[in-house]
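Descriptive analysis of the structure
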Amino acid sequence: MNQGFGNESPREHPHAPHRKPARYLVLIDSGGSAVARLFLDTRELVAEFDASTEEVALMTKGLVPTTGAVGPEWDRALEGHSAFERSAADVYTLDV
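What counts and how
Residues numbered from 1 in each chain as written. Predicted model: local features only at pLDDT ≥ 70, side-chain atom pairs only at ≥ 80, totals over all residues. Heavy atoms only, no water. Helix = DSSP H or I, 4+ residues; strand = E, 2+ residues; numbered from the N terminus. Rg over C-alpha atoms; globule rule 2.2 N^0.38 Å. Buried < 20%, exposed > 50% of the residue type's maximum accessible area, 1.4 Å probe, protein only. Contact = heavy atoms within 4.5 Å. Areas by Shrake-Rupley, 256 points an atom, 1.4 Å probe, with all protein chains shown as cover. Lys, Arg positive; Asp, Glu negative; His and termini not counted. Charge placed at Lys NZ, Arg CZ, Asp CG, Glu CD. Pairing = 2+ DSSP bridges. pLDDT = per-residue confidence, 0-100. Core = buried A, V, L, I, M, F, W, Y, C linked by side-chain atoms within 4.5 Å.

Comments concerning the overall build of the protein chain
The helix and strand inventory of the protein chain stands at two helices and five strands. Along its sequence from the N terminus, the protein chain presents helices and strands in the succession β-β-β-α-β-α-β. A compact globule built from 96 residues would reach a C-alpha radius of gyration of about 12 Å, whereas the protein chain, at 19 Å, exceeds it by more than 25%. Principal-axis analysis of the C-alpha atoms gives the protein chain an extent of 70 × 30 × 25 Å. Every one of the 96 residues in the protein chain was classed for burial, and the buried ones make up 30%. Contacts in the protein chain between residues at least 24 apart in sequence constitute 46% of all its contacts with a sequence separation of at least 6. As presented, the protein chain carries roughly 7200 Å² of accessible surface, and 52% of it is formed by carbon and sulfur atoms. Separation of charge centres in the protein chain, based on 9 positive and 15 negative side chains, amounts to 5 Å.

Here it is in structure tokens:
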């Protein structure tokens, strides 16, 4: 007899592999506004958001950035940015 009361039993947790953690945070100018871009260690983009958010301050606390993302490893990842934007970018290696 079901009267619509009670809670559904929780489903079994899926045993899928976890996503890889983001390894790099790049703060770069994009058309006049700063953008934060998160990359895997393979330089694959996993997230992009406004660089002025509180989360960026928390992620970069205590980290020293490398200025410039001009190496060949960044060519494909940042192909939509100019050479000037890439040379002025701050690259943080995140603790994972």
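Picking up where we left off.
Some details on the sheet that holds strand 2 (residues 33–39)
With antiparallel pairing, five strands are arranged side by side in an open sheet as 3-2-1-5-4. At either margin of the open sheet sits one strand with a lone partner, and together these are strand 3 (45–50) and strand 4 (66–67). Pairing of strand 4 with strand 5 (residues 90–93), which is carried by two bridges, proceeds in the antiparallel orientation. Bridged to Thr66 within strand 5 is Val91.

Quick look at the confidence of the model for the protein chain
When pLDDT is averaged along the protein chain, the result is 90, and 95% of the positions lie at 70 or above. Averaged pLDDT values over the elements of the protein chain bottom out at 93 in helix 1 (residues 54–60) and peak at 96 in strand 5.

Observations concerning unusual backbone geometry
The phi dihedral of Arg43 falls on the positive side, at around 70 degrees, and the residue is not glycine. With respect to the helices, strands and loops of the structure, Arg43 is situated in the loop between strand 2 and strand 3.

Things to note about the nonpolar core
Within the largest apolar cluster, ten residues are counted, these being Tyr24, Val26, Ile28, Phe39, Ala69, Trp74, Ala77, Leu78, Ala89 and Val91. Here the element with the most residues in this core is strand 1 (residues 24–30); it accounts for three residues. Excluding its chain neighbours within four sequence positions, the residues that come into contact with Ala69 are Trp74, Leu78, Arg86, Ala89 and Val91. Among the nonpolar cores identified, the runner-up in size contains nine residues, and Leu25, Leu27, Ala36 and Val56 belong to it.

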